[in-house]
Each structure stands twice: as structure tokens, then as C-alpha cells.
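This is what each chain is made of:
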Amino acid sequence: MSHRNFIWICLLPLVVVTAAFFLLPMAQLLAVGAGGSRGMSAYLAIITEPRYRATLINTVVLAAATTIATLVIATIAGLFLQRHRFPGRAVLIAMLTFPLAFPGVVVGFLIILLAGRQGLIGAITAAVTGEKVVFAYSIFGLFLGYLYFSIPRVILTVMAAVQKLDIGLEEAARSLGASPWAVQRDVVLPALGPAFVASGAIAFATAMGAFGTAFTLATNIDVLPMLIYTEFTLAANFAISAALSIGLGVIAWAILALARSMSGGAVAAAG
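Rules used in this analysis
- The residue count restarts for each chain, going from 1 along the sequence in the order it is written.
- Where local features are concerned, this predicted model is filtered to residues with pLDDT of at least 70; where side-chain atom pairs are given and counted, the filter is 80 or more; whole-chain, interface and lining totals use all residues.
- Hydrogens and waters are ignored; side-chain quantities use all the structure's heavy atoms.
- Under the scheme used here, helices are H or I runs from DSSP no shorter than 4 residues and strands are E runs no shorter than 2 residues, and both carry numbers assigned from the N terminus.
- Exposure is judged per residue with a 1.4 Å probe applied to protein chains only, and the accessible area is read against the type maximum: over 50% gives exposed, under 20% gives buried, and values in between give partly exposed.
- We call two residues in contact whenever any of their non-hydrogen atoms come within 4.5 Å of each other.
- Throughout, the Shrake-Rupley method with a 1.4 Å probe supplies accessible areas, and for residues the shown protein chains are the sole cover considered.
- For the domain bounds, the source is a domain assignment made automatically or taken from a database.
- Note: buried area is the sum, over both parts, of the accessible area (probe 1.4 Å) each one loses when the two are combined.
- Salt bridge criterion: a side-chain nitrogen from Lys or Arg within 4 Å of a carboxyl oxygen from Asp or Glu.
- Residues enter a nonpolar core if they are buried and are Ala, Val, Leu, Ile, Met, Phe, Trp, Tyr or Cys, with the set joined through side-chain atoms within 4.5 Å.
- The rule is short: rings of Phe, Tyr and Trp, with Trp giving its six-membered ring, pair when the centres are within 6.5 Å, and they are stacked under 30 degrees, edge-to-face over 60, tilted in between.
- When the NZ atom of lysine or the CZ atom of arginine is within 6 Å of a ring's centre and also within 35 degrees of its normal, the charge is said to sit over that ring.
- We define a polar contact as two N or O atoms separated by no more than 3.5 Å, with the added condition that, inside protein, one atom must be a possible hydrogen donor and the other a possible acceptor, whereas residues neighbouring each other in sequence contribute only through side-chain atom pairs.
- Axes here mean lines fitted to C-alpha atoms, for a helix over just the part in contact, with angles spanning 0 to 180 degrees between N-to-C directions.
- Side-chain classes are defined by residue name, with Ala, Val, Leu, Ile, Met, Phe, Trp, Tyr, Cys and Pro counting as nonpolar, Asp, Glu, Lys and Arg as charged, and the others, Gly among them, as polar.

S.K.: I'm lost on the overall build of the chain in this one. Help?
M.R.: Helix and strand content of the chain: 13 helices and zero strands. When its C-alpha atoms are laid out on the principal axes, the chain stretches across 80 × 70 × 35 Å. Sorting the 271 residues of the chain into buried and exposed places 37% on the buried side. Relative to all contacts within the chain whose residues are 6 or more apart in sequence, the contacts with residues 24 or more apart total 69%. Taken as a whole, the chain presents about 15100 Å² of accessible surface, with 72% of it coming from carbon and sulfur.

Have a look at this one:
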């Protein structure tokens, strides 16, 4: 067998999977989106229609807020867990990564148990102040749900990046008189830049397309996954739901492509 034939045989499974699970479904989705009464203008509805535009803004703002909060929390926790050894550390890491096993519906259910009408926070506030605090079904409840399943995805990346940092650079900075905060600000955080970009992009894209948690909690706020679901199932508006799906996919793809280009041009300080 020639080398050329061997390469084509190895590529055949990739070609089949790409065509069957990406190219053909996306082509059909594009055709359905353009096949409605609006034609190609359906793809502009996500920007021109006030309801769709407001939903897009809600989704992007929520995903961005989730990404920022996740990066802050995961960076602090990841630095501490990677640099310190203490009894129960393995159990704590397992607990922080346990939400990876949960589907979005279970995450939403946990937020309801925490801040729903019969939740723990409502019971405590009703006993203390006489007024029940319920926010599970608001944008803040959805934010907590997204944060819950985003932190494990980011903290593992941050911990892996921290493990590869060159400790000698930090020691050199301290020997030159840099304060602990200056070392973190000028040495550690810049070196973790590629990890921040890569994990942040994944967190953003995941929050943009998360459906299970939104399905459970998004009763007082519109986000794109729920809007697509209602247009498809309740209104039977297949063209608009397909066009909105393409718009959501393009935004997430653009963020991931930007992250790849940014992280590819930076090099972390590694030993």
C-alpha cells in the first residue's frame, strides 16, 4: 500500500463523520432557515426584530458575566489548590469538579432547591425577616446555574496551566523586591493568559448554548436556547428557529475562533 493510499484510508472516517454529523445537518438547517416566508431575511431577524434582539443581548450579557465570574473564581481556587497541599484536598477537588457529571436540568433543579419558592434561602429569609426571597427563576438564578457548571470546566484548565508555570520566574521577581501581589499581577497572571482565553471561550460558548438549565429556570427571562425551543415546538416556526440556531452557532463559533487565534499567539512561561 502506498503512503498516499494509507493517508486517504486514515482520512476516510474523519470525512464520513464530518459529512454526516456536521456538513449535512448544517446544510439542511441553512436550507430550512431560508425556506420560510421571509427567505434569507430570516437570518437578519435576530438583529432586526426587537424581541429577538433583546433575547440575543440577554444571552450574550449573561454568558459574558458568567465567563468573567467563572474566570475570577476558578483562577483563585485553581492557584490555591495547585500550590498548596492539605488534608482533604483531593476530596475538595472532586467536589468542585463533580458538576461535570450533571446535566443542565439537574443543575437547574439544584438552584431551585437553593433559591426557589420552597428553597433553602427562601425558608431562611422567611424565618429571619418574615419575607421569602426567591430568585431562582430570574436572571440571577440562571447566572448561578451557569456559574455552577462552568467553574469545573475552567478550574481544571487553570490548574493544569499553573502546574506548568516556571517557579523560577516568581522567585526571581521576589528577589528583586516584588511584593506578593506584584508577582501575581506581573508574572503569574500574564503567563496564564492562554489558559484564560481558551477556558473562557469554552465557558462563554457553553453558556450561550446551555438549554437544560435555561429550560428549568428561565421563566422570567428570555435566552436564545429557550427562544429557539419555543419557536420550534410551540409556534412551529421552523424557519425562524433554524435561522436563530444558525445565528447562535455563528456567535459561539466566532468566539471560539477568536480564542484560538489569541491563545495560539501567546506562550505561557513553563518549565
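S.K.: Would you explain the domain arrangement of the chain in this entry?
M.R.: Many analyses report the size of an interface as the accessible area lost when the parts associate. Domain boundaries assigned for the chain yield domain 1 (1–34) and domain 2 (45–270). Centre-to-centre separation of domain 1 and domain 2, based on C-alpha positions: 32 Å. Between domain 1 and domain 2, the contact holds five residues from the first and six residues from the second. When domain 1 packs against domain 2, the two sides together hide about 400 Å² of surface, and 86% of this comes from carbon and sulfur. The three residues of domain 1 that bury the most area against domain 2 are Leu29, Val32 and Gly33, which together make up 80% of that side's buried surface. Taken together, the connections running from domain 1 to domain 2 amount to zero salt bridges.

S.K.: Before we go on, may I ask you to explain the environment of Ser2 in this structure?
M.R.: The residue Ser2 is located in the segment before helix 1 (3–34) in this model. Along the chain, Ser2 and Leu156 lie 154 residues apart, while their C-alpha atoms are 42 Å from each other.

S.K.: Help me understand the side chain of Thr97, please; the structure alone is not making it clear to me.
M.R.: Following the sequence through the fold, Thr97 ends up in helix 4 (residues 89–97). Residue Thr97 is classed as buried on the basis of its relative accessible area of 19%.

S.K.: Would you mind showing me how to read the nonpolar core here?
M.R.: General note: in soluble globular proteins, nonpolar side chains tend to be found buried as a group. By size, the foremost hydrophobic cluster in this structure holds 40 residues, and its most contacted members are Leu142, Tyr146 and Leu244. Secondary-structure elements contributing two or more residues to this core are helix 2 (45–48), helix 3 (50–83), helix 5 (104–115), helix 7 (139–163), helix 10 (193–209), helix 11 (212–217), helix 12 (224–233) and helix 13 (238–264). Ranked by the residues each element gives to this core, the list is headed by helix 7, at six residues. Among all residues touching Leu244, those that are not within four sequence positions of it are Ile46, Tyr52, Leu224, Leu227, Ile228 and Glu231. Val183, Ala191, Leu192 and Ala203 belong to the second largest nonpolar core, which has 21 residues in total.

S.K.: Explain the packing of aromatic side chains to me, please; I cannot follow it from the model alone.
M.R.: The geometry of two aromatic rings is summed up by the distance between their centres and the angle between their planes. Using the criterion set out here, one finds nine aromatic pairs in the structure. Between the aromatic rings of Phe140 and Phe143, the centroid separation amounts to 6.1 Å while the plane-to-plane angle is 25°, which identifies the pairing as stacked. Of the two residues, Phe140 and Phe143 both sit in helix 7, three residues apart, roughly one turn of that helix. Ring pairs connect the aromatic residues Phe135, Phe140 and Phe143, which therefore count as one cluster. Across the ring face of Tyr137, the terminal group of Arg117 is positioned such that the distance to the ring centre comes to 4.4 Å.

S.K.: What is the right way to read the environment of Arg51 from this model?
M.R.: Note that Arg51 resides in helix 3. On a C-alpha basis, the gap between Arg51 and Ala172 in space is 55 Å, while along the polypeptide they are 121 residues apart. Among all residues touching Arg51, those that are not within four sequence positions of it are Asp222, Leu227, Thr230 and Glu231. Here Glu231 takes part through its side chain, which lies 3.3 Å from a polar atom of the side chain of Arg51.

S.K.: What am I meant to see in the packing of helix 3 against helix 12 here?
M.R.: Helix-helix packing: each pair is described by the crossing angle between the helix axes and the interaxial distance. Orientation of helix 3 relative to helix 12, taken along the N-to-C sense of each, is 145°, at an axis distance of 9 Å. Contacts from Arg51, Tyr52, Thr55, Leu56 and Thr59 of helix 3 reach helix 12 at Leu224, Leu227, Thr230 and Glu231. Residue composition of the contact of helix 3 with helix 12, by class: four nonpolar, three polar and two charged.

S.K.: What should I look at first to understand the side chain of Thr67 in this one?
M.R.: Locating Thr67 in the fold gives a position in helix 3. Accessibility expressed as a relative area gives 10% for Thr67, which makes it buried. In this structure the side chain of Thr67 is engaged in a polar contact, spanning 2.8 Å, whose partner is the backbone oxygen of Ala63. With near-sequence residues (within four places) excluded, Thr67 lies in contact with Gly200, Ala203 and Phe204.

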